[in-house]
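Below, each chain spelled out in residue letters.
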Amino acid sequence: MSVTVRPARAEDVPLIFENIGYWASQGRMLVRPMQNIFENLRDFFVAEVDDGSGPRFAGNGAMHILWGDIAEVRGLAVAPDVRARGVGRALVEACEHEARRVGIPLLFAWTYEVEFFERCGFTLIDKTRDLHPRVWSECLRCPFYVGCNENGVVKRMDGVPTPHNLPEPPPAQVPPGIR
Ligand SMILES: CC(C)(COP(=O)(O)OP(=O)(O)OC[C@H]1O[C@@H](n2cnc3c(N)ncnc32)[C@H](O)[C@@H]1OP(=O)(O)O)[C@@H](O)C(=O)NCCC(=O)NCCS
């Protein structure tokens, strides 16, 4: 079975929406409105698998730039019937490639799947301190805004320098109880 990853297209959005919706209904990730997917479509990658009968949708993931020194892997979801076959890793690698392409030195993710991200070279961080102020950008629309139980993981893009001319980011909207 081959796995390929490509930038998402408009016609992929119903499948991405359905896939994220499935995992959100399982409590594994935050639901994402279809409008949000369209508005951020250039962040998204789609994975396809081919077992000899032609390519079929296998999952999606997005790299969303938060500030000049950090981007987030978000909306990562592998179709239930093709898990544990390298699709998730391939999607994360596409996000890493994109971060390097645009000169972002750090990738961040909120997740329940710490071990998966560790296998992809990420490190668990202490979310009670030292978090970049921009990583809270989606927390306001999360039902767990207060009492967040996700983990923060990061991966540095070796060889990608922090841009030298970055202004201070706007202040964080940190959920109560985090700091
Ligand atoms: C988590 C998820 C993205 C992993 O994708 P996947 O295609 O099944 O994972 P891969 O086959 O690419 O696995 C890569 C590595 O991580 C490991 N891994 C994957 N899921 C794991 C898990 N839940 N626990 C421990 N290790 C895991 C694999 O064994 C593999 O290890 P290797 O380095 O020995 O090869 C996928 O299961 C998924 O979509 N889950 C539901 C939605 C979700 O939780 N998304 C993440 C939101 S941040």
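These lines cover the structure that appears in this document, whether it is placed above or below. (Residues numbered from 1 in each chain as written. Predicted model: local features only at pLDDT ≥ 70, side-chain atom pairs only at ≥ 80, totals over all residues.)

A closer look at the nonpolar core
1) Next: If you look at the biggest cluster of nonpolar residues, it comprises 38 residues, and the most contacted ones within it are Phe 45, Ala 71, Val 73, Val 87, Leu 91, Cys 95 and Ala 109.
2) Next: Those elements that provide at least two residues to this core are helix H1 (13–25), strand S2 (44–50), strand S3 (56–67), strand S4 (70–78), helix H3 (87–102) and strand S5 (106–111). (Core = buried A, V, L, I, M, F, W, Y, C linked by C-beta atoms within 7 Å. Buried ≥ 20, exposed ≤ 12 C-beta atoms within 10 Å, placed from the backbone. Helix = DSSP H or I, 4+ residues; strand = E, 2+ residues; numbered from the N terminus.)

What about the site of the ligand?
1) Next: If you check the shell around the ligand, you find 20 residues, and the closest are Arg 83, Gly 88, Arg 89, Glu 115 and Arg 119.
2) Next: Tallied by class, residues from the shell around the ligand come to ten nonpolar, three polar and seven charged. (Near = placed C-beta within 6 Å. Nonpolar A, V, L, I, M, F, W, Y, C, P; charged D, E, K, R; others polar.)

Some thoughts on H3
1) Next: Compared with the 22 Å implied by 1.5 Å per residue over 16 residues, the 23 Å span of H3 between its first and last C-alpha is a close match.
2) Next: Looking only at H3, the buried set comprises Val 87, Gly 88, Leu 91, Val 92, Ala 94, Cys 95, Glu 96 and Ala 99.
3) Next: Contacts made by the buried residues of H3 are with strand S1 (2–7), S2, S3, S4, S5 and helix H4 (114–119).
4) Next: Once H3 ends, the next one or two residues include Gly 103, with phi positive near 80°. (Expected span 1.5 Å × (residues − 1). Contact = placed C-beta atoms within 7 Å.)

Overview of the sheet that holds S2
1) Next: Taken in spatial order, the seven strands make up an open sheet running S1-S2-S3-S4-S5-S7-S6, and their pairing is mixed. The open sheet has two edge strands with one neighbour each: S1 and strand S6 (123–125). Within the sheet, the average angular offset between the axes of one strand and its neighbour, ignoring direction, is 30°.
2) Next: Two strands pair when backbone bridges link them, and S5 and strand S7 (residues 151–156) are joined in this way by six bridges, in the antiparallel orientation. Counted as the bridge partner of Thr 111 is Asn 151 from S7.
3) Next: Running over the sheet, H3 touches S1, S2, S3, S4 and S5 and is turned about 35° from S3. (Pairing = 2+ DSSP bridges. Axes fitted to C-alpha atoms, helices over the stretch in contact; angles between N-to-C directions.)

A word on H1
1) Next: With 13 residues, H1 extends 18 Å between its outermost C-alpha atoms, agreeing within 8% with the 18 Å of an ideal straight helix rising 1.5 Å per residue.
2) Next: Of the residues making up H1, those classed as buried are Ile 16, Asn 19 and Ile 20. All buried residues of H1 project into a common sector of 95° when viewed along the axis, lining one side. Seen from the buried face of H1, the exposed residues on the opposite side, beyond 90 degrees, are Pro 14 and Ser 25.
3) Next: Looking at the buried residues of H1, the elements they touch are helix H2 (34–39), S2, S3 and S4.
4) Next: One or two residues past the end of H1 sits Gly 27, with phi positive at roughly 75°. (Arc of directions from axis to C-beta.)

Things to note about the pairing of S4
1) Next: In terms of burial, S4 is largely enclosed, as nine of its nine residues are buried.
2) Next: Remark: two residues form the turn of the hairpin made by S3 and S4, two consecutive strands paired antiparallel.

Concerning the environment of Val 5
1) Next: Inspection of the secondary structure puts Val 5 in strand S1.
2) Next: Residue Val 5 is classed as buried on the basis of its 21 C-beta neighbours within 10 Å.
3) Next: Residues Val 5 and Gly 59 lie 54 residues apart in sequence; the distance between their C-alpha atoms is 9.1 Å.

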